[in-house]
Amino acid sequence: MDAEESVALLRAALDGDGHAVDRLVAVLTPVIQVRTARTLLIRGWGGGGRDVRSEVEDLSQDIFMRLFEKNGRVLRRWKRERGLSLENFVGMVSERYVKSFLRSVRRNRSKEVPTDSDDLDGRDDGPDPQRVVAARERLQLLLDRLRRRVSPKGWEIFDLLFLQERSVPEAMAATGLSRDAIDKWKSRLRQLALELMS
Amino acid sequence: MSEDELLRNLGQVAREQAGRERLFLDERWDRLAAGTLSAEEDAELRRLAETSDEARVAYEAFRPLGAAFHARIVAKIAERRAVEEANEAVPRRVIPASVPLRVVPAPVPRPKPFRLRTWGSTAAAMAATWAALLFGTPQFPMLTLAVAGGARLMRGEAAETPTWAPGDPFQAIVSPTTAFAHVWPLRTRVYLLRGAEIRPVEAHAEVEPGGVVKVTGTLDRDLPAGTWTLWVVVGRWGTLPGAAKLGTLSAAHPQNDRHWVAMPQTLNVRPREPE
């Protein structure tokens, strides 16, 4: 769909033309679905026996409602002059929505507190796959935060030592830093990770 | 736990994410969702799905959402538009031009107080934070289910077990047995199950502040007569079991996991009488 067609279709849909709404939903559904599924899966939400397809459906529906609510306020923000196609604009909105939703879900997980502790009596508290998945999700959130907060140099050191699992001498050779400087970076990274966890 | 274990775990998560990016950024997934895959590409993705769990989940996630989803979204958009138009029809209070507008200053964020961390040792801190990571989520509470709807025939003084006909509406009330603060978003799914046959049921769920979930839905119009089990599943977002998992559960009593509860109810379905 070219930009002119997008403008006309969007205008007609927001004016309440049923055929245009029908066509717009058909055009945007795969875009929203792909961005939603990709964001969930890359962030590890495909594990733990989850019904990911149902989650993709639910989130895609939420995104459509967000796009069209308040007389299509979000869709009206799209301007072809800014260079992004309508599909890419909606894709960007979708990705942000899913990321924000995942962040809130992960943050809220530990805040949910039963108000009757008797309910927990007699439960098996051993590790189960869901808990392991939950722990990994929190690590994923921590990794996102670390990536945003650490300097480019710090991320380079993290990448060499912990992502590529290179030795300290190899990291020294790759960065031109001394052993002492590498150790200081490791210490800073560890401290930052601990701070971001709290 | 050694000092660098947290960073090594983060490195492991980053490596896994990079691997997933390689798999899921493949443009064939985009074409699968858009329904424009060639037959050869579709066969390749299906083969991939047979050899890898991640690819199997991806195939399901990217498979086109279909006509039912499309129809539902179009209907919901129309419904939302009608509600907004009805709200706009209510006259709004007009502020006369002579009333001066009061400028409310934006709140100034207060700096966070400096907190002195008193970790006993880095290793102990690691152990504590790792334990917090692993054991943070409390058990989901037990729930009870009450289903209303169907028809009860009177025979003598006693009412028989209710029977249902295809297309009948139903209401289900799901109540927690103990008060429970739901910060984590809840999801609800409804299925009908008979032997190996599993049918997802289109239902609408509303969660009330006290944790009670009200579910309303309609039985399929082509539902075959017989004895079915209606499963109402409520749990934390992202944790609900798939339909196939329900087929492995006993329908004799509710089933609970750490993150969800599945409640069965037997429904006797009779053929719909001709109108």
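Residues numbered from 1 in each chain as written. Chains lettered and ligands numbered in written order. Predicted model: local features only at pLDDT ≥ 70, side-chain atom pairs only at ≥ 80, totals over all residues. Heavy atoms only, no water.

## What about the overall build of chain B?
Here is the rule we go by: Where helices and strands are cited, they refer to DSSP runs of H or I of at least four residues and of E of at least two residues respectively, numbered from the N terminus. Burial classification: accessible surface area is computed with a 1.4 Å probe over protein chains only, and a residue below 20% of its type maximum counts as buried, one above 50% as exposed, and the rest as partly exposed. Any two residues having at least one pair of non-hydrogen atoms within 4.5 Å are treated as being in contact. For every accessible area listed, the method is Shrake-Rupley and the probe measures 1.4 Å; residues are considered covered only by the protein chains on display.
Of the regular secondary structure elements, chain B holds 7 helices and 12 strands. Counting every position in chain B, which comprises 275 residues, the buried fraction comes to 37%. Within chain B, contacts between residues at least 6 apart in sequence are counted, and of these 70% link residues at least 24 apart. Counting every atom, chain B has about 16,000 Å² of accessible surface; 56% of that belongs to carbon and sulfur.

## A word on the overall build of chain A
A tally of regular secondary structure across chain A gives 8 helices and 0 strands. N-terminal to C-terminal, the α/β element order of chain A is α-α-α-α-α-α-α-α. A burial count over chain A gives 51% of its 198 residues as buried. Residue pairs in contact within chain A that sit at least 24 positions apart in sequence constitute 59% of those at least 6 positions apart.

## Quick look at the packing of aromatic side chains
Threshold: Pairing of aromatic side chains here covers Phe, Tyr and the six-membered ring of Trp, requires ring centres within 6.5 Å, and sorts the geometry by plane angle: under 30 degrees stacked, over 60 edge-to-face, intermediate tilted.
Taken as a whole, this structure holds 5 aromatic pairs over all chains when the rule is applied. Each ring, one from tryptophan 155 of chain A and one from phenylalanine 158 of chain A, has its centre 5.0 Å from the other, and the planes form 35°; the classification is tilted. In this pair, tryptophan 155 of chain A and phenylalanine 158 of chain A are both assigned in helix α6 (residues 152–163), 3 residues apart and thus about one turn of the helix distant. Ring centres of tryptophan 29 of chain B and phenylalanine 62 of chain B lie 5.3 Å apart, and the angle between their planes is 20°; on these two criteria the pair is classed as stacked. One end of the pair, tryptophan 29 of chain B, is in helix α2 (residues 27–34); the other, phenylalanine 62 of chain B, is in helix α4 (residues 53–62), and 33 residues separate them in sequence. Taking the relative accessible area as the measure of exposure, tryptophan 29 of chain B reaches 0% and is therefore buried. Overall, phenylalanine 62 of chain B belongs to the buried group, its relative accessible area being 0%. Ring pairs connect the aromatic residues Trp155, Phe158 and Phe162 of chain A, which therefore count as one cluster.

## Some points on the environment of phenylalanine 89 of chain A
Tracing the chain through its elements places phenylalanine 89 of chain A in helix α4 (residues 86–109). The contacts of phenylalanine 89 of chain A, once residues within four sequence positions are left out, are Val74, Leu75, Arg77, Trp78 and Leu84 of chain A.

## What about the side chain of lysine 186 of chain A?
By the element assignment, lysine 186 of chain A lies in helix α8 (residues 179–197). Here lysine 186 of chain A falls in the buried class, since its relative accessible area comes to 17%. The contact partners of lysine 186 of chain A, leaving out residues within four places of it in the chain, are Leu161 and Phe162 of chain A together with Asp4 and Leu7 of chain B.

## Remarks on unusual backbone geometry
Phi at asparagine 71 of chain A is positive, roughly 60°, even though this residue is not glycine. Inspection of the secondary structure puts asparagine 71 of chain A in helix α3 (residues 52–72).

## A closer look at the packing of helix α3 (residues 39–51) of chain B against α4 of chain B
Residues and elements named next belong to chain B. The criterion, for reference: Helix axes use the C-alpha atoms of the stretch in contact, all axes being lines fitted to C-alpha atoms, and the angles between their N-to-C directions lie in the range 0 to 180 degrees. For classification, angles of less than 35 degrees are called roughly parallel, those exceeding 145 degrees roughly antiparallel, those between 65 and 115 degrees roughly perpendicular, and all remaining angles oblique. Whether a crossing is left-handed or right-handed is set by the direction in which the near helix is turned from the far one by less than a right angle, anticlockwise for left-handed and clockwise for right-handed. Asp, Glu, Lys and Arg are counted as charged, while Ala, Val, Leu, Ile, Met, Phe, Trp, Tyr, Cys and Pro are counted as nonpolar; the rest, among them Gly, fall into the polar class.
Packing of α3 against α4 leaves a shortest axis separation of 5 Å and a crossing angle of 130°. In terms of their interaxial angle, α3 and α4 are classed as oblique. Considering how the two elements wind past one another, α3 and α4 form a crossing that is left-handed. In this structure, α3 uses Asp42, Leu45, Arg46, Leu48, Ala49 and Thr51 to contact α4, whose residues at the interface are Asp53, Ala55, Arg56 and Tyr59. Among the residues forming the contact of α3 with α4, the class breakdown is 5 nonpolar, 1 polar and 4 charged.

## As for the sheet that holds strand β5 (residues 169–176) of chain B
Residue and element names in this part refer to chain B. Counted only if it meets this: DSSP-based pairing: two strands are paired if at least 2 bridges between them are found.
Reading across from one edge, β1-β5-β9-β8 is the order of the 4 strands in this open sheet, with antiparallel pairing throughout. Two strands bound the open sheet, and with one partner strand each, they are β1 (143–149) and β8 (203–207). Strand-to-strand twist of the sheet, defined as the mean angle between neighbouring strand axes without regard to direction, takes the value 15°. Judged from the 6 bridges that link them, β5 and strand β9 (residues 213–218) form a sheet pairing that is antiparallel. When the sheet's bridge partners are listed, proline 169 is paired in β9 with threonine 218.

## Quick notes on the side chain of aspartate 58 of chain A
How we decide: Any pair of N or O atoms that falls within 3.5 Å is considered a polar contact. Within protein, one atom must be able to donate a hydrogen and the other to accept it, and sequence-neighbouring residues count only if both atoms are side-chain atoms.
Relative to the helices and strands, aspartate 58 of chain A resides in helix α3. Assessed through its relative accessible area of 17%, aspartate 58 of chain A is described here as buried. Engagement of the side chain of aspartate 58 of chain A in a polar contact is seen with the side chain of arginine 189 of chain B, the distance being 3.1 Å. Aside from chain neighbours lying at most four places away, what touches aspartate 58 of chain A is Arg187 and Arg189 of chain B.

## Some thoughts on the nonpolar core
Threshold: Definition of nonpolar core: a set of buried residues of the types Ala, Val, Leu, Ile, Met, Phe, Trp, Tyr and Cys, connected through side-chain atoms within 4.5 Å.
Of all hydrophobic cores here, the largest spans 55 residues; its most connected members are Leu24, Leu40, Phe64, Leu67 and Leu75 of chain A together with Trp29 of chain B. If we skip the residues at most four places from it in the chain, leucine 24 of chain A touches Leu9, Leu10, Ala13, Phe68, Leu75 and Leu86 of chain A. Within the second largest apolar cluster, 26 residues are counted, among which are Phe158, Leu189 and Leu196 of chain A together with Leu7 of chain B.

## Notes on α2 of chain B
The periodicity of an α-helix, 3.6 residues per turn, causes residues three or four positions apart to be oriented the same way. Note the cut-off: Directions pointing from the helix axis toward each C-beta atom define the arc.
Within α2 of chain B the residues assigned to the buried category are Arg28, Trp29, Leu32 and Ala33 of chain B. Each buried residue of α2 of chain B sits inside an arc of 145° when the element is viewed along its axis, so together they form one side. Against α2 (18–42) of chain A together with α1 (5–24), α3 and α4 of chain B lie the buried residues of α2 of chain B.

## Quick word on the confidence of the model for chain A
Residues and elements named next belong to chain A. Defined as follows: What pLDDT expresses is the predictor's confidence in each residue, scored from 0 to 100.
Put simply, chain A has an average pLDDT of 84, and 83% of its residues get 70 or more. Across chain A, the element-wise mean pLDDT spans from 78 in helix α5 (residues 129–149) up to 94 in α2. Here residues 110–126 scores under 50 on pLDDT; set against residues more than four positions off or in separate chains, the count is 32 contacts.

## As for the packing of α6 of chain A against α1 of chain B
Packing of α6 of chain A against α1 of chain B brings their axes to within 9 Å, and their N-to-C directions diverge by 90°. On the basis of their axis angle, the class for α6 of chain A and α1 of chain B is roughly perpendicular. The segment α6 of chain A lies against α1 of chain B, with Phe158, Phe162 and Leu163 of chain A engaging Leu7, Arg8, Leu10, Gly11, Gln12, Ala14 and Arg15 of chain B. Across the contact of α6 of chain A with α1 of chain B, the residue classes break down as 6 nonpolar, 2 polar and 2 charged.

## Digging into the pairing of β5 of chain B
All names here are of chain B. Alternating positions in β5 separate cleanly, Phe170, Ala172, Val174 and Pro176 being buried on one face and Pro169, Gln171, Ile173 and Ser175 remaining unburied on the opposite face. The pairing of β1 with β5 spans 7 bridges and is classified as antiparallel. Across the sheet, residue alanine 146 finds its bridge partner in β5, namely isoleucine 173.

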